[in-house]
Amino acid sequence: MEAARVAMNVQEQFGQIDIYVFDQILRGNITPDMRVLDAGCGYGRNLVHLLREGCEIFAIDANAEGVAHVRAACSRTSPNPAGKQLSGGKTRTNKSAR
């Protein structure tokens, strides 16, 4: 049971993050003070943890449904929803507006 609880905590913290992005976070190559561009963001699975950590996120995708999903996720996840700037086919979370 303990392993299942720990696994759930990791999933809650990082979401459905891509293994490569997870590896880069663990290595310290992606930190909360960074600007991150997620080109081809899809439904934003790699952005949840980064938003929670306060990264400045730029996301773009050709799929309008994916962009709408990322916009909604930003509203729920970003530490400062008022700091977000959303336009066109891209999503921008502006950390400096805090």
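The notes below deal with the structure included here.

Criteria and cut-off values
Residues numbered from 1 in each chain as written. Predicted model: local features only at pLDDT ≥ 70, side-chain atom pairs only at ≥ 80, totals over all residues. Heavy atoms only, no water. Helix = DSSP H or I, 4+ residues; strand = E, 2+ residues; numbered from the N terminus. Buried < 20%, exposed > 50% of the residue type's maximum accessible area, 1.4 Å probe, protein only. Areas by Shrake-Rupley, 256 points an atom, 1.4 Å probe, with all protein chains shown as cover. Right-handed = clockwise from strand over helix to strand, strands pointing away. Core = buried A, V, L, I, M, F, W, Y, C linked by side-chain atoms within 4.5 Å. Arc of directions from axis to C-beta. Polar contact = N/O pair within 3.5 Å; in protein donor to acceptor, adjacent residues only side chain to side chain. Salt bridge = Lys/Arg side-chain N within 4 Å of Asp/Glu carboxyl O.

1. Looking at the overall build of the protein chain
Then step 1. Broken down by element type, the protein chain carries four helices and four strands.
Then step 2. Starting at the N terminus, the α and β elements of the protein chain follow one another as α-α-β-α-β-α-β-β.
Then step 3. Taking all 98 residues of the protein chain together, 35% fall into the buried category.
Then step 4. Accessible surface, the protein chain: about 6,000 Å² in total, of which carbon and sulfur atoms supply 55%.

2. A look at the environment of alanine 59
Then step 1. The topology assignment puts alanine 59 in strand β2 (residues 56-60).
Then step 2. Along the primary structure alanine 59 and glycine 40 are separated by 19 residues, whereas in three dimensions their C-alpha atoms are 7.5 Å apart.

3. Digging into the pairing of strand β1 (residues 35-39)
Then step 1. Judged by which residues are buried, β1 turns out to be one-sided: Val36 and Asp38 face inward and are buried, whereas Arg35, Leu37 and Ala39, on the alternate face, are not.
Then step 2. Between the parallel pair β1 and β2, the chain is carried across by helix α3 (residues 48-53), and the sense of this crossover is right-handed.

4. Looking at the nonpolar core
Then step 1. Ile25, Leu47, Leu50, Ile57, Ala59 and Val70 are the most contacted members of the largest nonpolar core, which totals 14 residues.
Then step 2. Mapped by element, the contributors of at least two residues to this core are α2 (19-26), α3, β2 and α4 (64-77).

5. Points about α2
Then step 1. Listed in full, the buried residues belonging to α2 are Val21, Gln24 and Ile25. Axial view of α2: buried residues confined to an arc of 100°, hence all on one face. Turned more than 90 degrees from where α2 packs its buried face, Ile19, Tyr20 and Leu26 sit exposed.
Then step 2. Capping the start of α2, aspartate 18 holds a side-chain oxygen 2.9 Å from the backbone nitrogen of tyrosine 20, two or three residues further along.
Then step 3. Count one or two residues on from α2 and you reach glycine 28, which has phi positive near 80°.

6. Remarks on the pattern of salt bridges
Then step 1. Taken as a whole, this structure holds three salt bridges when the rule is applied.
Then step 2. The shortest N-O distance in the salt bridge between arginine 35 and glutamate 56 comes to 2.8 Å. Of the two residues, arginine 35 sits in strand β1 while glutamate 56 sits in strand β2, which places them 21 residues apart along the sequence.

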